[in-house]
Amino acid sequence: DTAVSQTPKYLVTQMGNDKSIKCEQNLGHDTMYWYKQDSKKFLKIMFSYNNKELIINETVPNRFSPKSPDKAHLNLHINSLELGDSAVYFCASSQGLQDYEQYFGPGTRLTVT
Amino acid sequence: AQSVTQPDIHITVSEGASLELRCNYSYGATPYLFWYVQSPGQGLQLLLKYFSGDTLVQGIKGFEAEFKRSQSSFNLRKPSVHWSDAAEYFCAVGEGAAGNKLTFGGGTRVLVKP
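All values derive from a computational prediction rather than experimental measurement.

The helix and strand inventory of chain A stands at zero helices and eleven strands. Here the C-alpha atoms of chain A give a radius of gyration of 13 Å, agreeing with the 13 Å that 2.2 N^0.38 yields for 113 residues. Sorting the 113 residues of chain A into buried and exposed places 47% on the buried side. In chain A, the share of contacts with a sequence separation of at least 24, taken over all contacts with a separation of at least 6, comes to 55%. Carbon together with sulfur atoms contributes 48% to the accessible area of chain A, which is approximately 5,600 Å² in total.

Now the structure itself:
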């Protein structure tokens, strides 16, 4: 019974394609996040949602669009993929906006060729 | 804006030896501080956190960390490492104004020699 799950685990695609990564948490948390980890292991927040409402948008290109159909899911859709989008994308969740303890999913390794 | 620095990119330690990972932060207010561990191919797992109170905090897997305000540091320690401690370790600081945003350091890779 995985707390934060992501699909797919690996994603290989060509430049210009559109792809989505799905995230689900079964912890009953209100807040969810997307992080990007680059090839140097640098981890940076992209978005956070609280109860389906966008809270943080860290100047991510418009090609990235998060969608939260309900508070247990936060999906990441990426349009017109570029080589620089290759990274590991982590989803995380926390109980609420006042809770810093974040639980991370296993990551999705995206490779753009 | 806050920042987190982990000065050591790689550390190699012998099994059974002690380990200390350095973390320095820059943040105007009282920080919320965290250490996460990332095993190869895995997500991040929270080792420990500091919000307030006792400056020496205990975490899982035998780790502890000490908050030193005067040095803006939050170093992670373990008295005796096990081969399974080989992983990437990330220090992070939480910022409340932006809705519990975490800013991570660049990570320290720990290699354990038999």
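So, on to the nonpolar core. Counting residues in each nonpolar core, the largest one holds 26 residues, and the members touching the most others are W35, L48, F74, L76 and Y89 of chain B. The dominant element in this core, judged by the number of residues it contributes, is strand 10 (residues 87-95) of chain B, at four residues. M32, Y49, L74 and L76 of chain A belong to the second-largest nonpolar core, a separate cluster that totals 20 residues.

Below, the discussion takes up the interface of chain A and chain B. Residue-level contacts link 23 residues of chain A with 24 residues of chain B. Together, the buried faces of chain A and chain B total about 1,800 Å²; carbon and sulfur atoms form 56% of this surface. Salt-bridge contacts for E101 of chain A lead to K49 of chain B; the nearest nitrogen and oxygen are separated by 2.3 Å. Taken together, the elements giving at least two residues each to the side of chain A that touches chain B come down to strand 4 (31-37), strand 5 (43-50), strand 6 (53-57) and strand 9 (87-94) of chain A.

All names here are of chain A. Here M46 shows up in strand 5. A C-alpha to C-alpha distance of 6.0 Å links M46 and N57, two positions eleven residues apart in sequence. If sequence neighbours within four positions are ignored, M46 has contacts with W34, Y35, K36, I56, N57, E58, V60, F64, L76 and Y89.

For the rest of this paragraph, the subject is the packing of aromatic side chains. Residues and elements named next belong to chain B. Counting across every chain of the model gives 16 aromatic pairs over all chains. Measuring from centroid to centroid gives 5.8 Å for Y36 and F104, while their planes differ by 55°, and the two rings are tilted. With Y36 in strand 5 (residues 32-38) and F104 in strand 11 (residues 101-104), the pair connects residues that are 68 residues apart, well separated along the chain. Y36 gets classed as buried once you look at its relative accessible area, which sits at 0%.

Residue and element names in this part refer to chain A. By the definition in use, this model includes two disulfides over all chains. Note on cysteine connectivity: C23 is disulfide-linked to C91, with sulfurs 1.8 Å apart. Of note, the bridge from C23 to C91 carries an S-S torsion of about -75° and is left-handed in sense. Of the two residues, C23 is situated in strand 3 (residues 19-25) and C91 in strand 9; the sequence distance between them amounts to 68 residues. Each of the two residues, C23 as well as C91, counts as buried.

Once that is clear, we can look at the sheet that holds strand 3 of chain A. All names here are of chain A. Pairing within the open sheet is antiparallel, and its four strands lie in the order 1-3-8-7. The strands lining the two open edges of the sheet, one partner per strand, are strand 1 (4-7) and strand 7 (64-70). Mean inter-strand twist for the sheet, computed between neighbouring axes without regard to direction, equals 20°. Bridging between strand 3 and strand 8 (residues 73-78) involves four bridges; their strand directions are antiparallel. Bridged to I21 within strand 8 is L76.

Quick look at the pairing of strand 8 (residues 64-68) of chain B now. Residue and element names in this part refer to chain B. Where strand 7 (residues 56-58) and strand 8 come together, three bridges link them in antiparallel fashion. Within strand 8, the position partnered with L56 by the bridge is E66. In this structure, the hairpin formed by strand 7 and strand 8 is closed by a connection of five residues, where K61 is found at a positive phi of approximately 60°. In terms of strand pairing, strand 8 meets strand 9 (residues 73-78) through five bridges, oriented antiparallel. Residue pairing in the sheet places A65 in a bridge with L76 of strand 9. What sits between strand 8 and strand 9 in their antiparallel hairpin is a turn of four residues, with S72 showing a positive phi close to 50°.

Reading the values: the criteria
- Residues numbered from 1 in each chain as written.
- Chains lettered and ligands numbered in written order.
- Predicted model: local features only at pLDDT ≥ 70, side-chain atom pairs only at ≥ 80, totals over all residues.
- Heavy atoms only, no water.
- Helix = DSSP H or I, 4+ residues; strand = E, 2+ residues; numbered from the N terminus.
- Rg over C-alpha atoms; globule rule 2.2 N^0.38 Å.
- Buried < 20%, exposed > 50% of the residue type's maximum accessible area, 1.4 Å probe, protein only.
- Contact = heavy atoms within 4.5 Å.
- Areas by Shrake-Rupley, 256 points an atom, 1.4 Å probe, with all protein chains shown as cover.
- Core = buried A, V, L, I, M, F, W, Y, C linked by side-chain atoms within 4.5 Å.
- Buried area = accessible area lost by both parts, 1.4 Å probe.
- Salt bridge = Lys/Arg side-chain N within 4 Å of Asp/Glu carboxyl O.
- Phe/Tyr/Trp six-rings, centres within 6.5 Å; stacked < 30°, edge-to-face > 60°.
- Disulfide = S-S within 2.5 Å.
- Pairing = 2+ DSSP bridges.
- Axes fitted to C-alpha atoms, helices over the stretch in contact; angles between N-to-C directions.

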